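Summary of the model geometry
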Amino acid sequence: MEFGFSLVPTPDIPGHRELVKVAEETGLDLVGIQDHPYAQSQVDAFALIGTLLEHTDRIRFFPDVASLPLRPPAVLANTAATLDLASGGRFELGIGAGGYWRAIATMGVPELKPAQALDALGEAMEIMRTMWRPDQPTVRLSGTYYTVNGTHAGPPPAHPINIWVGAQGPKALRFTGRLADGWAAPIPSYLPYEAWPEANVIIDEAARAEGRDPADVLRMAQIVGTVTSTPGVLPTEGADPVRGTPEQWADFLAKLAIEQPFTTFIFWPERQSVEQVVRFATEVVPLVRQRTPNGGR
């Protein structure tokens, strides 16, 4: 199992550097950076990832999740490969077909229907994976939404970059099972807790139909909440945040790991702080490992 936290990319760059350094020192594996370029209060996720990679040595980063409609796939492939090369293989690509279309459209992008956006994502993934191949001198792919006509492939990334799709509806989940390296499950306000088991079943079935081992599709649970010193009432359905002691958090996450195929857990603190990141890393994570088979290894 792997553990990380999600960071809101406000302009407080020094504060973010402190947070990720603490996350690395306390043993977390991943940092997700939200990507909302249309939000006045947020800086560019990819530029921020670049500076945070420079100030860390081990921890890995991913956009959580990148808004594909605002980032042409051929350019995105080069950006991802560059970040991966600069960090020695510490970049992964979380990506979505486009969630906030009203906001996305304000930046000059034509709005797509959900089915169209998903088809566009499929074309984009093919382009990016082709451009990352070292044996591909030029790329020629023609699609309905994206076309590259003889552009140069490369440079290849330092390691095979994973593409983790933020999927919600049945069609998107089937798409994930067929084509993605992993599922970055939406936070419960978009997909409530009780919908997660069926979502995993849909991904499993789609993977098998494609001739894939479902275990090859990473499952990432993203949990909003607060680590507290006093016991709380943990949610079993809906979208309420998890607010409880480290022991309660550990029970909650271990249950997900045992009963469903989740292997990666991203903590979304309700209030972003060093204290919350440290508590999750040093108090919650060890207890989760104790409660899962083979220590979650």
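For the structure, check the block above.
Just so we're clear, the structure is a prediction, and the values are computed from it rather than from any experiment.

Okay, the packing of helix α1 (residues 13–25) against helix α2 (residues 45–54) next. α2 packs onto α1 with a crossing angle of 55° between their chain directions and a minimal axis gap of 10 Å. Comparing their axes, α2 and α1 come out oblique. Considering only the axes of α1 and α2, their crossing is right-handed. Counted together, Ile 13, His 16, Arg 17 and Val 20 of α1 and Leu 48, Thr 51 and Leu 52 of α2 form the full contact between these two elements. Partitioning the contact of α1 with α2 into residue classes produces four nonpolar, two polar and one charged.

Phe 5, Leu 28, Leu 93, Ile 95 and Leu 253 are the most contacted members of the largest nonpolar core, which has 83 residues in total. The element contributing the most residues to this core is helix α5 (residues 114–131), with nine residues. Ignoring anything within four residues of it in the chain, the contact list for Ile 95 reads Val 65, Ala 66, Leu 68, Leu 76, Leu 121, Met 128, Ile 163, Trp 164, Val 165 and Gly 166.

Moving on, we get to helix α3 (residues 73–87). Relative to the 21 Å expected for 15 residues at 1.5 Å per residue, α3 spans 21 Å between its end C-alpha atoms, a close match to the ideal helical length. When we look at burial in α3, the residues that qualify are Pro 73, Leu 76, Ala 77, Ala 80, Ala 81, Leu 83, Asp 84 and Ser 87. With its buried residues spanning 160° around the axis, α3 presents them on a single face. In α3, those exposed residues whose orientation departs by more than 90 degrees from the buried face are Val 75 and Ala 86. Directly after α3, the chain includes Gly 88, whose backbone phi takes a positive value near 70°.

Each value, and the rule that gives it
Residues numbered from 1 in each chain as written. Predicted model: local features only at pLDDT ≥ 70, side-chain atom pairs only at ≥ 80, totals over all residues. Heavy atoms only, no water. Axes fitted to C-alpha atoms, helices over the stretch in contact; angles between N-to-C directions. Helix = DSSP H or I, 4+ residues; strand = E, 2+ residues; numbered from the N terminus. Parallel < 35°, antiparallel > 145°, perpendicular 65-115°, else oblique. Left-handed = near helix turned anticlockwise from the far one by under 90°. Contact = heavy atoms within 4.5 Å. Nonpolar A, V, L, I, M, F, W, Y, C, P; charged D, E, K, R; others polar. Core = buried A, V, L, I, M, F, W, Y, C linked by side-chain atoms within 4.5 Å. Buried < 20%, exposed > 50% of the residue type's maximum accessible area, 1.4 Å probe, protein only. Expected span 1.5 Å × (residues − 1). Arc of directions from axis to C-beta.

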